[in-house]
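Breakdown of the fold
Take a look at the letters that make up each chain.
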Amino acid sequence: MSWLVLAVSLLPGLAIAREIDATSDWLRRFFLAPSLGLLLLFTLAGINYLAGASMLTLHLLIFIANALAIYVLSRNREETWSQRQFFFIENRSRAMFPAIIVVTLVCMLPLIFLDRPMGVDWIGFSAISDSILRTGTMELPSPSQGWWTYPPALPTLAAWNSSVTGVTTADSVFSIGQLSLLALLFGIMGAMDRHGAGIQSMLAMGLAAGLFAKGFDSGYPTVASHLGLVVGLLIVLEVDRRKSDEFFLIFALLASALLHPSGAIMLGLLIISEQLLTKGGESLNRILVICSFALGAVAVIGLVVISPSLLEHAIFAEHGWQGGRPLLMYNGILLIVGGFAAQRIHNTIEGRILIAWVTLIWILTGIHLFPSLEEVWV
């Protein structure tokens, strides 16, 4: 089980939540802590793998992260709520606690009733984790020949969990994957609670069902990569910025890329949406430049490290189908509801950023509107 992962991520998560959202109360930090702490653990695991370090090094990194978290949380700091935040905190929906119970049950029930995940992706992730645990690499076990080419964060953290708890890598991947889904839902609720829309955001995510479908189909790294959006929503939709916010955005971009490209792409589009709809300024332009360097570093890794191996070996891969035409087909009714919602919030800067963000995401998948282009290989 992944209770160890949850336990060692809570203190770092609380510390990061306190630093990013100084106006939060204990309940909002409770929502934010699992997502932010788990995102940090994934980042440490991914960097540990890329550096070629051992599991012992990862043990040490996780210990240091918790020690620093204790130091941050022990510091006395005067915290005050703005009138706006006081209003939102005092007027939270009474349905919040029943919603927490329902969401937790929905995410955790598969661990109780199923011996193994649904879908087939978990088999590959378990094999990668097992290879990392045995050899420290993603090399395929005999009699196969070749290497996995996949972001290392989730398989490495699953391997670490297996090394400490003794559970199989399959169980480790299963439990960490479901925990990632729960942490993401709580994190989005916490991020949007700052705007008085925690329960509403949770309801919107549930109606769309995309994350649940991807999670229950065992596409765990894809789900986990969206944990970076919790950081993005906390910073991008905030008017008052601090210099430390730039560091946290870079951290979120790096962490998302170490899990799956989709999360990094969506976070990047969120930042671009803000740039398109604000006048910028020195702080915002600096964030854009720094994030550009971060994405550029990811591109260099892809070109220098990954591309050569793809040119030398036979490749088996698949293309995604989500977005574009399938989105219109399966979520058409919800898009109509979304249109009315967009009309109601378009007069606010936060609303315009979210509208532009969703639009850019859909445009990026527009290739699916042209079936002939789907067969073009890149």
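One can find the structure itself at the top, above this paragraph.
Residues numbered from 1 in each chain as written. Predicted model: local features only at pLDDT ≥ 70, side-chain atom pairs only at ≥ 80, totals over all residues. Heavy atoms only, no water.

Turning next to the overall build of the protein chain. Each helix and strand in the protein chain was counted, giving 17 helices and zero strands. Out of the 378 residues in the protein chain, the part that is buried amounts to 46%. A fraction of 77% describes how many contacts in the protein chain between residues 6 or more apart in sequence connect residues 24 or more apart. By element, 69% of the accessible surface of the protein chain is carried by carbon and sulfur atoms, the whole surface being about 19700 Å². (Helix = DSSP H or I, 4+ residues; strand = E, 2+ residues; numbered from the N terminus. Buried < 20%, exposed > 50% of the residue type's maximum accessible area, 1.4 Å probe, protein only. Contact = heavy atoms within 4.5 Å. Areas by Shrake-Rupley, 256 points an atom, 1.4 Å probe, with all protein chains shown as cover.)

All right, on to the packing of aromatic side chains then. Summed over the entire model, instances satisfying the criterion amount to six aromatic pairs. Residues F30 and F31 carry aromatic rings whose centres are separated by 5.8 Å and whose planes lie at 55 degrees to one another, so their mutual orientation is tilted. Judged by relative accessible area, which is 41%, F30 ranks as partly exposed. Where F30 meets F186, the ring centres are 6.1 Å apart and the plane angle is 45 degrees; that geometry is what we call tilted. Taken together, the residues span a long stretch of sequence, with F30 in helix α2 (residues 26–50) and F186 in helix α8 (residues 169–193) at a distance of 156 residues. (Phe/Tyr/Trp six-rings, centres within 6.5 Å; stacked < 30°, edge-to-face > 60°.)

Taking 1.5 Å per residue as the helical rise, helix α13 (residues 244–259) with its 16 residues ought to reach 22 Å, and the 23 Å between its terminal C-alpha atoms agrees with that figure. Counted residue by residue, α13 has 12 buried out of 16 residues, so it is predominantly covered. Taken residue by residue, α13 has D245, E246, F248, L249, F251, A252, L253, A255, S256, A257, L258 and L259 as its buried positions. (Expected span 1.5 Å × (residues − 1).)

This part takes up a nonpolar patch on the surface. A cluster of nonpolar side chains, I101, L105, L109, I112, F113, L114 and M118, forms an exposed patch at the surface whose accessible area comes to about 700 Å². Among the structural elements, I112 can be located in helix α5 (residues 96–113). Residue classification places I112 among the exposed positions, given a relative accessible area of 62%. (Patch = residues over 30% accessible without salt bridge, like charges linked within 9 Å, V, L, I, M, F, W, Y side chains within 5 Å. Salt bridge = Lys/Arg side-chain N within 4 Å of Asp/Glu carboxyl O.)

Moving on, we get to helix α6 (residues 121–135). Over its 15 residues, α6 runs 21 Å from end to end, which matches the ideal 21 Å to within 8%, given 1.5 Å per residue. Taken together, the buried positions of α6 are W122, G124, F125, S126, I128, S129, S131 and I132. Packed against the buried residues of α6 are α2, α3 (55–74), α7 (153–165), α8 and α11 (220–225). Two residues or fewer past α6, G136 is found with a positive phi of approximately 80 degrees.

The subject of this paragraph is the side chain of D25. The topology assignment puts D25 in the loop between α1 (3–20) and α2. Exposure remark for D25: the relative accessible area of 9% places this residue in the buried category. A polar contact is formed between the side chain of D25 and the backbone nitrogen of R28, at a distance of 3.1 Å. Once you skip the residues sitting within four places of it in the chain, D25 turns out to touch W81, I89 and R92. (Polar contact = N/O pair within 3.5 Å; in protein donor to acceptor, adjacent residues only side chain to side chain.)

Moving on, we come to the packing of α2 against α7. Closest axis-to-axis distance for the α2/α7 pair is 8 Å, and the angle between their directions is 95 degrees. Between α2 and α7, the crossing angle belongs to the class labelled roughly perpendicular. Counted together, L38, L41, F42, A45, G46 and Y49 of α2 and A153, L154, T156 and L157 of α7 form the full contact between these two elements. Its residues assigned to classes, the contact of α2 with α7 comprises eight nonpolar, two polar and no charged. (Axes fitted to C-alpha atoms, helices over the stretch in contact; angles between N-to-C directions. Parallel < 35°, antiparallel > 145°, perpendicular 65-115°, else oblique. Nonpolar A, V, L, I, M, F, W, Y, C, P; charged D, E, K, R; others polar.)

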